[in-house]
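Now for the letters of each chain:
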Amino acid sequence: MKQVNKERALTILSPLAVLAVWQLASNMGLVNQRYVPSPVTIAEAGWSLAVSGELGRHIAASLRRLFLGFALGAVPGMAIGIVMGLNRWVRAIVDPLVAALYPIPKIAILPLLMLAFGLGDGSKVAVVAMSVLFLTIINTSVGVMEIDRIYFDVARNYGTPWHRLFGRVILPGALPSIFAGLRISLGVSLVVLVGAEFVNSTSRSGIGYLIWTSWETLVVEKMFVGIIVITILGVVTTFLLREVERRLVPWRYD
Amino acid sequence: MNAPKIKIDRLAKVFGEDERRTTALQDFTLSVGEGEFVCVVGPSGCGKTTMLRIVAGLEKSSSGSLAIAPGADKGRPQNAMVFQEQGLFPWMTVIDNVAYGLEMRGIGKRERQERAEPFLEMIGLTRFRNHYPQQLSGGMRQRVSIARAFVADPEILLMDEPFAALDAQNKLIMQDELLRIWEGTHKTVLFITHAVDEAIALGDRIVVMTAQPGRIKAIVPVDQFPRPRKAVELRGDPRFGALQLEIWRMLEDEVRTQRLQAKS
């Protein structure tokens, strides 16, 4: 086998080996099945959850909240960040507010948001949006401020009108930094969302809700299904964001 | 010489206020004819870049006047500048960078590319049209910068030490390329450099500047070398060395003064 193929085989084999050892240990009674069910038990639980449609419902609910919250935080965040980056007066006004609000752990204001937006999706979407908003504002404004002055000189020298300056210089100049912010935001969003679904379970849906109710009823294998599914959601959404970045920021990858 | 294309009259630039006041440029008067290639040499910090930025409209003068004679074609931009380095947009491909001036004038994509293509060929980068600047070497990037300025088809071309960051071999090659492209258009050029040999190889006249505050010390005509010139071969000419020495002597005093100023 070639070196590359050997490496590939090993990357696939090593997690499989861990699963096999785990299964064997379970069968031999080396781990307590009540706390750590075997891979086969988890897979069976996952299968029945999927077939009944329950799992799909939880995934859909979580994804809906994640995307809505992400968009509602990222879009205004970019707009505010760009204006801040371009205008020192706006920066002087907004900077102290961002500095004061950014460090608040957003899950801490969930009760407040529940008062404002109710116990349904509203407060969950809002808490995700809040976490994304400040990270995006900060990364976007820094991205705009760090655009080298020479590009503005070149743009001016070639008679760039304002609306083109935005699309041809400001936005592409800030995009790498904006995406760095979005990547961090995505990770934080998942954490906050699962947390919100733990606490605020009245809507009876979401992966966080699945994990939490499984804990309360001590159906440990369902809990593991939830943990694995949320991990997969994290990996897949991160991958998708990467792909979008590759399309929009091709000069960083080619 | 025809009516001057660029007429600069007692241009001055003062930075800062009160004790921090520094005069970067003083009493700078120069007329450049249509199709003339004028080089400006001076010690670093003598205000030559400031002068060029004022001509480019990127900075305001403190006093004095500047006039660039309009041409017949109203759609043409007044000037295009080739910057020192890193002046290309990293997020645009080579062809988009080269056609940027046309894009800003609202010219459609197809026509832009058609007009940019011959210049890409001239600089030998047709193969790299869809590459991004950071995939190119420093010399290739400066070629693209120059092509961008020529494609914009401005009334006058301004160049701010475009080859300063290149190694000695690339510098010579680029001088030859610039001369070759320029021969095809005979644009009016104002070229800033600190390299005396570069100024002689390229220019019809050389403006020698004093150390801060920048004033004109002398204007030296370079009429002993007929065009079209070859930047490399010129250097074998004994008159080249003589002229280089003459201009260097003028500059030497200025560099000394500047070092004394820096110490005090």
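Residues numbered from 1 in each chain as written. Chains lettered and ligands numbered in written order. Predicted model: local features only at pLDDT ≥ 70, side-chain atom pairs only at ≥ 80, totals over all residues.

1. Notes on the overall build of chain B
Threshold: The numbering of helices and of strands both runs from the N terminus, where a helix is a DSSP run of H or I of at least 4 residues and a strand a run of E of at least 2. Neighbour density around each residue's C-beta defines its exposure: 20 or more other C-beta atoms within 10 Å make it buried, 12 or fewer make it exposed, and counts between make it partly exposed, where C-beta atoms are placed from the backbone.
A tally of helices and strands in chain B yields nine helices and nine strands. If you line up chain B on its principal axes, its C-alpha atoms span 55 × 45 × 40 Å. Within chain B, the proportion of its 264 residues that are buried is 44%.

2. Observations regarding the overall build of chain A
What counts here: As defined in this context, the radius of gyration uses C-alpha atoms, and a globule is described by 2.2 Å times the residue total to the power 0.38.
A count of helical and extended segments in chain A gives 10 helices and zero strands. Along chain A, helices (α) and strands (β) appear in the sequence α-α-α-α-α-α-α-α-α-α when read from the amino end. On C-alpha atoms alone, chain A measures out to a radius of gyration of 23 Å, which is more than a quarter above the 18 Å that the 2.2 N^0.38 rule sets for 254 residues. For chain A, the spread of C-alpha atoms along the principal axes amounts to about 75 × 60 × 30 Å.

3. So, the domain arrangement of chain A
All names here are of chain A. Here is the rule: In this document the domain limits rely on a domain assignment from an automatic tool or a database. Whether two residues are in contact depends on their C-beta atoms, placed from the backbone: they are in contact if these lie within 7 Å. Residues are grouped as follows: nonpolar covers Ala, Val, Leu, Ile, Met, Phe, Trp, Tyr, Cys and Pro; charged covers Asp, Glu, Lys and Arg; every other residue, Gly included, is treated as polar.
Segmenting chain A into domains produces domain 1 (1-31) and domain 2 (35-252). Between the C-alpha centres of domain 1 and domain 2 there is a distance of 33 Å. With five residues of domain 1 at the interface, the matching set in domain 2 holds four residues. Along the lines of polarity and charge, the residues of the side of domain 1 that touches domain 2 split into three nonpolar, two polar and no charged.

4. Description of the interface of chain B and chain A
On the side of chain A, 14 residues touch chain B, which itself brings 17 residues to the contact. Those elements that place two or more of their residues in the side of chain B that touches chain A are strand 5 (79-82) and helix 3 (100-104) of chain B. Per-element accounting of the side of chain B that touches chain A gives the leading share, three residues, to helix 3 of chain B.

5. Considering the sheet that holds strand 7 (residues 188-193) of chain B
Residue and element names in this part refer to chain B. The criterion, for reference: Only strands joined by at least two bridges in the DSSP assignment are considered to pair. Helix axes are fitted only over the stretch in contact, all axes being lines through C-alpha atoms; the angle between N-to-C directions runs from 0 to 180 degrees.
Here we have six strands laid out as an open sheet, ordered 5-6-7-3-8-9, and mixed in their pairing. Across the chains shown, the open sheet's two edge strands, defined by having one partner strand only, are strand 5 and strand 9 (216-221). The average angle at which neighbouring strand axes cross in this sheet is 15°, direction not considered. By the bridge criterion, five bridges tie strand 8 (residues 205-209) to strand 9 in an arrangement that is antiparallel. Counterpart to valine 208 in the pairing with strand 9 is alanine 218.

6. A short note on the domain arrangement of chain B
Residues and elements named next belong to chain B. The domain architecture assigned to chain B consists of domain 1 (4-69 + 155-263) and domain 2 (87-154). Computed over C-alpha atoms, the centres of domain 1 and domain 2 are 25 Å apart. At the junction of the two partners, domain 1 supplies 13 residues and domain 2 supplies 11 residues. Among the secondary structure elements, those contributing two or more residues to the side of domain 1 that touches domain 2 are strand 6 (156-160) and helix 6 (168-185). Looking at which element gives the most residues to the side of domain 1 that touches domain 2, the answer is helix 6, with six residues. Residue classes in the side of domain 1 that touches domain 2 are distributed as nine nonpolar, two polar and two charged.

7. Examining the nonpolar core
The line we're drawing: Put simply, a nonpolar core is buried Ala, Val, Leu, Ile, Met, Phe, Trp, Tyr and Cys residues tied into one set by C-beta atoms within 7 Å.
In this structure, Val41(B), Val98(B) and Leu190(B) are the most contacted members of the largest nonpolar core, which totals 122 residues. When near neighbours in sequence (up to four residues on either side) are disregarded, Val98(B) contacts Ala116(B), Phe119(B), Leu120(B), Val144(B), Ala147(B), Arg148(B) and Val151(B).

8. A look at the confidence of the model for chain A
To keep it simple, the criterion reads: Per residue, pLDDT measures the predictor's confidence, with a range of 0 to 100.
Chain-level statistics for chain A give a pLDDT mean of 94 and a share of 99% at 70 or above. Ranking the elements of chain A by mean pLDDT puts helix 1 (residues 3-27) of chain A last with 91 and helix 3 (residues 54-86) of chain A first with 97.

9. Points about the sheet that holds strand 1 (residues 4-15) of chain B
Residues and elements named next belong to chain B. If you trace the three strands from one edge of the open sheet to the other, you get 2-1-4, paired in antiparallel fashion. With one partner strand each, in any of the chains shown, strand 2 (22-33) and strand 4 (63-68) form the two edges of the open sheet. Looking at each pair of strands side by side, their axes are set apart by 15° on average, direction ignored. Here strand 1 runs beside strand 2; their pairing, made up of eight bridges, is antiparallel.

10. Some thoughts on unusual backbone geometry
Backbone torsion omega between Arg227(B) and Pro228(B) reads 0°, so that peptide bond is classified as cis. With respect to the helices and strands, the residue Pro228(B) is situated in the loop between strand 9 and helix 8 (231-234).

11. Quick look at the packing of helix 3 of chain A against helix 9 (residues 207-216) of chain A
Residues and elements named next belong to chain A. As a reminder of what qualifies: With respect to orientation, any angle under 35 degrees is reported as roughly parallel, any angle over 145 as roughly antiparallel, any angle of 65 to 115 as roughly perpendicular, and every other angle as oblique.
In the contact formed by helix 3 and helix 9, the axes pass within 7 Å of each other and the chain directions differ by 130°. One element, helix 3, and the other, helix 9, form an angle in the oblique class. Within the contact between the two elements, helix 3 uses His58, Ile59 and Ser62 and helix 9 uses Ile207, Tyr209 and Leu210. Here the contact of helix 3 with helix 9 is composed, by residue class, of four nonpolar, two polar and no charged.

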